[in-house]
Structure formats: C-alpha cells, structure tokens
Amino acid sequence: MAEPALEESLEVSFELNGEPTHVTVAPRTLLVDALREQGAKSVHIGCDEGLCGACTVLLDGDAVKACLLLAVQVQNRRVETLEAHQGPDLDALQRAFRDEFG
Ligand code: FES
C-alpha cells in the first residue's frame, strides 16, 4: 500500500469525549493540534517532546501524550480530554490536584 503524500489530507473519525468526531488532517498532524482545533483547549502543548505531560489525554482509557501521537493514529478509537469531566466532578478533581500539588 502506498504511503500518503505529505500534502495529502486524510479523514480521521474517532470518538472525542463521547461524541463522534471527524477531522481532515495532514498525515503528520499531531493529535494535540487536532484536538485543540476541535475545541479541546484543556490539551496543552508544553515541551512538545513527551516530557511534561501537558498534552495528556485518555486513549481507549489509557493515558497517552498527544504530542507524541499523530491524529491518524486515533482512527476508530476513543479519546477523552479534561472537557469530558466538566460538571460536578470537576471540583473533586481540582481538589485532588490541589491536595497532591498537581
Ligand atoms: Fe509535553 Fe506533550 S507537550 S509531554
């Protein structure tokens, strides 16, 4: 199978915080950039090399660093960001971060 050309756009479908999501990205678009373009502003770009964890999301329930993944790698997978935890539980989550100096 031929590799996609670098300038080619690819359709990627995945679940973002429980919602079916479809994006059109370049083959080398990082997941962190695709998520922020979808409004997931809790996902930050810090070091951009997998060291700081500012871009951490859940991928099929496992914590991963979105700056180390390509958007195309989440095809048909489930991505969860902090936006999924807005609501009454956020206070508890914020307390946990404060209590543990997160
Ligand atoms: Fe630092 Fe991803 S931006 S680990």
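Before reading on, note that the structure itself is shown above.
In this text, all values refer to a predicted model and were calculated from it rather than measured experimentally.

Asker: How should the nonpolar core be read in this particular structure?
Answerer: Note on soluble globular proteins: their nonpolar side chains tend to be buried together. Counting residues in hydrophobic clusters, the biggest one holds 20 residues, and the most contacted among them are Phe14, Leu35, Val43, Ala66 and Val79. Where this core is concerned, the elements lending two or more residues are β1 (10-16), β2 (19-25), α1 (31-37) and β3 (56-59). Tallying contributions element by element places α1 first for this core, with four residues. Ignoring anything within four residues of it in the chain, the contact list for Ala66 reads Leu30, Leu31, Val32, Leu35, Val43, Cys55 and Val57.

Asker: How should the side chain of Thr29 be read in this particular structure?
Answerer: Locating Thr29 in the fold gives a position in the loop between β2 and α1. Among all residues touching Thr29, those that are not within four sequence positions of it are Ala34, Leu70 and Ala71.

Asker: Is there a simple way to explain the sheet that holds strand β5 (residues 78-80) in this structure?
Answerer: Two modes of strand pairing occur in sheets, parallel and antiparallel, and in both the strands are linked by backbone hydrogen bonds. The strand order across the open sheet built from five strands is β2-β1-β5-β3-β4, with neighbouring strands paired in mixed fashion. The open sheet is flanked by β2 and β4 (62-65), the only strands paired with a single partner. Strand-to-strand twist of the sheet, defined as the mean angle between neighbouring strand axes without regard to direction, takes the value 40°. Inspection of the sheet shows β1 paired to β5 by two bridges, in the parallel sense.

Asker: Just to check I follow, could you spell out the pattern of salt bridges for this structure?
Answerer: Oppositely charged side chains may form a pair once their charged atoms are brought near each other. Within the structure shown, the criterion is met by one salt bridge. Across the pair Asp60 and Arg77 runs a salt bridge whose closest N-O atoms are separated by 2.8 Å. Here Asp60, found in the loop between β3 and β4, pairs with Arg77, found in the loop between β4 and β5; they are 17 residues apart in sequence, far enough to count as distant. When its relative accessible area of 33% is taken as the criterion, Asp60 is described as partly exposed.

Asker: Would you mind going over the pairing of β3 with me for this structure?
Answerer: Both faces of the sheet carry side chains from a regular strand, because those side chains alternate between them. Alternating positions in β3 separate cleanly, Val57 and Leu59 being buried on one face and Thr56 and Leu58 remaining unburied on the opposite face. Relative to β4, β3 is paired through four bridges, and the arrangement is antiparallel. Bridged to Leu58 within β4 is Ala63. Turn length for the β3-β4 hairpin, with the two strands adjacent in sequence and antiparallel, is two residues, and the turn residue Asp60 shows positive phi of about 50°. In the sheet, β3 pairs with β5 via two bridges, with the strands oriented antiparallel. The partner of Leu58 across the bridge, within β5, is Glu80.

Conventions used here
- Residues numbered from 1 in each chain as written.
- Predicted model: local features only at pLDDT ≥ 70, side-chain atom pairs only at ≥ 80, totals over all residues.
- Heavy atoms only, no water.
- Core = buried A, V, L, I, M, F, W, Y, C linked by side-chain atoms within 4.5 Å.
- Buried < 20%, exposed > 50% of the residue type's maximum accessible area, 1.4 Å probe, protein only.
- Helix = DSSP H or I, 4+ residues; strand = E, 2+ residues; numbered from the N terminus.
- Contact = heavy atoms within 4.5 Å.
- Pairing = 2+ DSSP bridges.
- Axes fitted to C-alpha atoms, helices over the stretch in contact; angles between N-to-C directions.
- Salt bridge = Lys/Arg side-chain N within 4 Å of Asp/Glu carboxyl O.

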